[in-house]
Amino acid sequence: MNALPIPDGEVVVSVIKTFDPFRQQELSQYREDSDEEVLRKIRLARKASEEFRGDIDQRKQYLRDTVKRNLERMKGELARTITMEMGKPIKQSIAEVEKCIRLVDYAVENIERFYAPEPVMTEARKSYVRFDPIGVVMAIMPWNFPVWQVMRAAVPAISAGNGVVLKHASITTGTALMIQEVFDSEAFSTLLLRGSDALRYIPHVDGVTFTGSTSVGARVAEEAGKHIKKCVLELGGSDPFIVLGSADIRETAKQAALARLQNNGQSCIASKRFLVQGSIYEEFREALEEEFSRVVQGDPMEESTYLGPLSSREQTETVRRQVEELRGLGGKVIAAESRFEQIVPPTIVSVPEGVRYEQEVFGPVALLQRFDTLDDAVRLANDTPFGLGASIWGDPEEAENLIPRIEAGMVFVNRIVASDPRMPFGGVKKSGFGRELSRYGFLEFTNIKSAWVDH
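As the structure is a prediction and not an experimental result, all values here were calculated from the model. (Residues numbered from 1 in each chain as written. Predicted model: local features only at pLDDT ≥ 70, side-chain atom pairs only at ≥ 80, totals over all residues. Heavy atoms only, no water.)

1. Side note on the overall build of the chain
Heads up, the condition is: Numbering goes from the N terminus for both helices and strands, where a helix is a DSSP run of H or I of at least four residues and a strand is a run of E of at least two. As a reference, a globule follows 2.2 Å times the number of residues to the power 0.38, and the radius of gyration itself is taken over C-alpha atoms. Working definition: with a 1.4 Å probe on protein chains only, accessible area under 20% of the residue-type maximum means buried, over 50% means exposed, and in between means partly exposed. The protein chains shown are the only cover counted for residues, whose accessible areas, like all others here, come from Shrake-Rupley with a 1.4 Å probe. Residues scored as positive are Lys and Arg, those scored as negative are Asp and Glu, and His as well as the terminal groups of each chain are ignored. Here the site of a charge means atom NZ of a Lys, CZ of an Arg, CG of an Asp or CD of a Glu.
Scanning the chain for helices and strands turns up 13 helices and 20 strands. For a compact globule of 455 residues, the expected C-alpha radius of gyration is about 23 Å, and the chain comes in at 23 Å, within 12% of that figure. Once the C-alpha set of the chain is aligned to its principal axes, its extents read approximately 70 × 70 × 40 Å. Within the chain, the fraction of its 455 residues that count as buried is 56%. Total accessible area computed for the chain in this model is approximately 19300 Å², and 48% of it derives from carbon and sulfur atoms. Between the averaged position of the 57 positive side-chain charges in the chain and that of its 67 negative side-chain charges there is a distance of 3 Å.

This is the structure we're talking about:
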């Protein structure tokens, strides 16, 4: 790994530290990049982009023979590093890397189709639309899916012929340096910076893609807008999980547990608000309590573990504070038992009618609310500043009729909201703008250029 650990006895003022959230011990320290080093990496990414931007076959071969092979070779080591740095259960970390491999396959299979010039019938001798790279894209990425989030931003950008520089979350610095090793090209570099410092380099790149909180996303968008830089934002979510009276209660409760607890509850598209029709409310709540009680908690390195620690002590304190705030608003709190002080157990909060809680709860806490009519369900689903994903459970036809009324970038019927390379990913309202994945995402960081050739 091209890491920069601090030698014993050396005093360095600016360092980034990583910690194991389960064992609560320091893992490593890394020197921060100097201003000169950051600018050098951006220049190298630009030069590499200029060298392969016009050769789609070269980019295709690079993705297949370098990026995919390195992901396959490093899968186990990458997964262990993810788990050590942010607490994701090891089986889920392995699945995350495997999903990245499938994304690269999707890019390789579709790269020629996505970027082929599109002919347009006009009176010209020839008229068409080109999709040219814009230059260098800065990816500012979070810790919760530390490989997948990066790959779903970087693979499309590089497929288009751009260079990429990554500013990753500091708590996953080891993972970030391993991703640099996966790409193994000057077209991709990891910047060792603190989050606030990354904004200073937006003027030096040509586009920014950010995944993270809405508050930080607003600052990124402000800086990008100030310098007229293309920007894609994938921000917070408070996804509704709507359970209609026609739903299969046992199966839906099982899927609800997965939807809320995946990645220790730390997912922007995790279902967070469970809206249940009154006729089945009590039966569903009991079924969900039973599913939560079965979840195996513990050391994320153990294959049997499904729920591990949150990413940091600060994140744990935040979620526990939010639960107490909900209790103060009249919420009835039911938490599963846990023998691990550093783990927030699966928790259900029954929210009283009329109570509106706008914060995103980024942990294994399900907010349960009752509704009576379908109009009530839509109103509650949309009663949030966020609009990332939503899922509806019940009769497929009845559920599908609600899709146009839901204010979200993605609506799934009888399936958990998930990112899929074949479908566009992104939200509306305070969940951001722009799209990742699918052809729409692969074209985000291109210059959609009109070409007209006359006689």
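More follows now that the structure is in view.
2. With respect to helix α4 (residues 148-159)
Quick reminder of the rule: Expected helix span is computed as 1.5 Å times (number of residues minus one).
With twelve residues, α4 ought to run about 16 Å at 1.5 Å a step, and its terminal C-alpha atoms sit 16 Å apart, in line with that. Judged by how many residues are buried, α4 sits mostly within the fold: twelve of twelve residues are covered. Looking one or two residues beyond α4, the residue adopting positive phi is G161, at roughly 105 degrees.

3. Quick word on the pattern of salt bridges
Filter applied, for reference: Take a side-chain nitrogen of Lys or Arg and a carboxyl oxygen of Asp or Glu: if they are within 4 Å of each other, that pair is a salt bridge.
Under the criterion given, the structure shown has 36 salt bridges. Residue E118 is joined to R439 by a salt bridge in which the shortest nitrogen-to-oxygen separation is 2.4 Å. With a gap of 321 residues between them, E118 in strand β3 (residues 118-119) and R439 in helix α13 (residues 438-442) connect regions that are remote in the sequence. The closest approach of N and O atoms between E324 and R327, which form a salt bridge, is 3.2 Å. With a gap of three residues between them, E324 and R327 both fall in helix α10 (residues 313-328), about one helical turn apart. For E324, a relative accessible area of 45% translates into the label partly exposed.

4. A word on the pairing of strand β13 (residues 347-350)
The condition that has to hold: Should DSSP find at least two bridges between two strands, the strands are taken to pair.
On β13, burial covers both faces: T347 and V349 on one face and I348 and S350 on the other are all buried. Here strand β12 (residues 332-335) runs beside β13; their pairing, made up of four bridges, is antiparallel. Bridging across to β13, I334 finds its partner in I348.

5. Some words on the packing of aromatic side chains
This is how the line gets drawn: Aromatic pairs are defined between Phe, Tyr and Trp rings, using the six-membered ring for Trp, whenever the two ring centres lie within 6.5 Å; interplanar angles under 30 degrees are classed as stacked, those over 60 as edge-to-face, and all others as tilted.
In total, this model carries eight aromatic pairs according to the counting rule given. Ring plane angle 80 degrees and centroid distance 5.8 Å describe the contact between W143 and F362, whose orientation is recorded as edge-to-face. Residue W143 is located in the loop between β5 (136-140) and α4, and its partner F362 is located in the loop between β13 and β14 (365-371); the two are separated by 219 residues in the primary sequence. Take W143 and F362: they sit in the same class, and that class is buried.

6. Side note on the environment of F52
The condition that has to hold: Whether two residues are in contact is decided by their heavy atoms: any pair within 4.5 Å suffices.
By the secondary structure assignment, F52 is in helix α1 (residues 35-52). For F52, a relative accessible area of 7% gives the class buried. The sequence separation of F52 and G163 amounts to 111 residues, and the corresponding C-alpha distance is 9.6 Å. Once you skip the residues sitting within four places of it in the chain, F52 turns out to touch Q58, R59, I158, G161, N162 and A187.

7. Thoughts on the packing of helix α3 (residues 90-115) against α4
Threshold: In this analysis an axis means a line fitted to C-alpha atoms, helices contributing only their contacting stretch, and an angle means the value between N-to-C directions, from 0 to 180 degrees. Throughout, the term roughly parallel applies to angles under 35 degrees, roughly antiparallel to angles over 145, roughly perpendicular to angles from 65 to 115, and oblique to all others. Crossing handedness is defined as follows: a turn of the near helix away from the far one that is anticlockwise and smaller than a right angle gives a left-handed crossing, while the clockwise case is right-handed. Following the grouping adopted for this structure description, the nonpolar residues are Ala, Val, Leu, Ile, Met, Phe, Trp, Tyr, Cys and Pro, the charged ones are Asp, Glu, Lys and Arg, and the polar ones are all others, Gly among them.
Contact geometry for α3 and α4: axes closest at 10 Å, N-to-C directions at 20 degrees. Our classification of the angle between α3 and α4 gives roughly parallel. Considering the relative orientation of α3 and α4, their crossing is right-handed. On α4, the residues touching E96, K99, C100, L103, V104, A107, I111 and Y115 of α3 are W148, M151, R152, V155, P156 and S159. A class-by-class count of the residues in the contact of α3 with α4 yields ten nonpolar, one polar and three charged.

8. What about the pairing of strand β2 (residues 25-31)?
Of the pairings in the sheet, the one linking strand β1 (residues 15-20) to β2 comprises six bridges and is antiparallel in character. Each residue of the ladder has a partner; that of F19, found in β2, is E26. Counting the residues in the hairpin turn of β1 and β2 gives four residues, including Q24, whose phi is positive at 55 degrees.

9. So, the sheet that holds strand β4 (residues 126-133)
Read across the open sheet, the three strands follow the order β3-β4-β20; overall the sheet is antiparallel. A single partner strand is all that each edge strand has here, and the edge strands are β3 and β20 (446-453). Strand direction decides the pairing type here: β4 and β20, joined by eight bridges, are antiparallel. Within the sheet, the bridge partner assigned to D132 lies in β20 and is N447.

10. Topic: the sheet that holds strand β7 (residues 188-191)
Read across the open sheet, the six strands follow the order β7-β6-β5-β8-β9-β19; overall the sheet is mixed. The open sheet terminates on both sides in strands that have one partner only, identified here as β7 and β19 (432-433). Two strands pair when backbone bridges link them, and strand β9 (residues 230-234) and β19 are joined in this way by two bridges, in the antiparallel orientation. Bridge pairing links E234 to G432 in β19. Relative to the sheet, α1 contacts β5, β6 (163-167) and β7, its axis offset from that of β6 by approximately 150 degrees. Set on the sheet, α4 makes contact with β5, β6, β7, β8 (207-211) and β9; between it and β6 the angle comes to about 160 degrees.

11. Things to note about helix α8 (residues 249-261)
We count it as follows: Any pair of nitrogen or oxygen atoms within 3.5 Å is treated as a polar contact; in protein, a donor-acceptor pairing is required on top of that, and neighbouring residues in sequence qualify only through side-chain atoms on both sides.
Given a rise of 1.5 Å per residue, 13 residues ought to cover 18 Å, and the 18 Å separating the end C-alpha atoms of α8 matches this to within 8%. Among the residues of α8, I249, T252, A253, Q255, A256, A257, A259, R260 and L261 are the ones counted as buried. Where α8 is buried, its residues touch β10 (239-243), β11 (271-277), α9 (281-293), β14 and β16 (389-393). By the N-cap criterion, in which a side-chain oxygen at the helix start approaches the backbone nitrogen of a residue two or three places on, α8 is capped by D248, the distance to R250 being 3.3 Å. Residue N263 follows α8 closely and has a positive phi angle near 55 degrees.

12. A few points about the UniProt feature "domain: Aldehyde dehydrogenase" (unreviewed entry) in the chain
Quick note on the threshold: UniProt positions are given in the numbering used here, feature names are shortened, and annotations may be inferred rather than shown by experiment.
Here the UniProt feature "domain: Aldehyde dehydrogenase" (unreviewed entry) sits at residues 16-450. Here residues 16-450 is 40% helix and 21% strand, with 45 Å between the C-alpha atoms at its ends.

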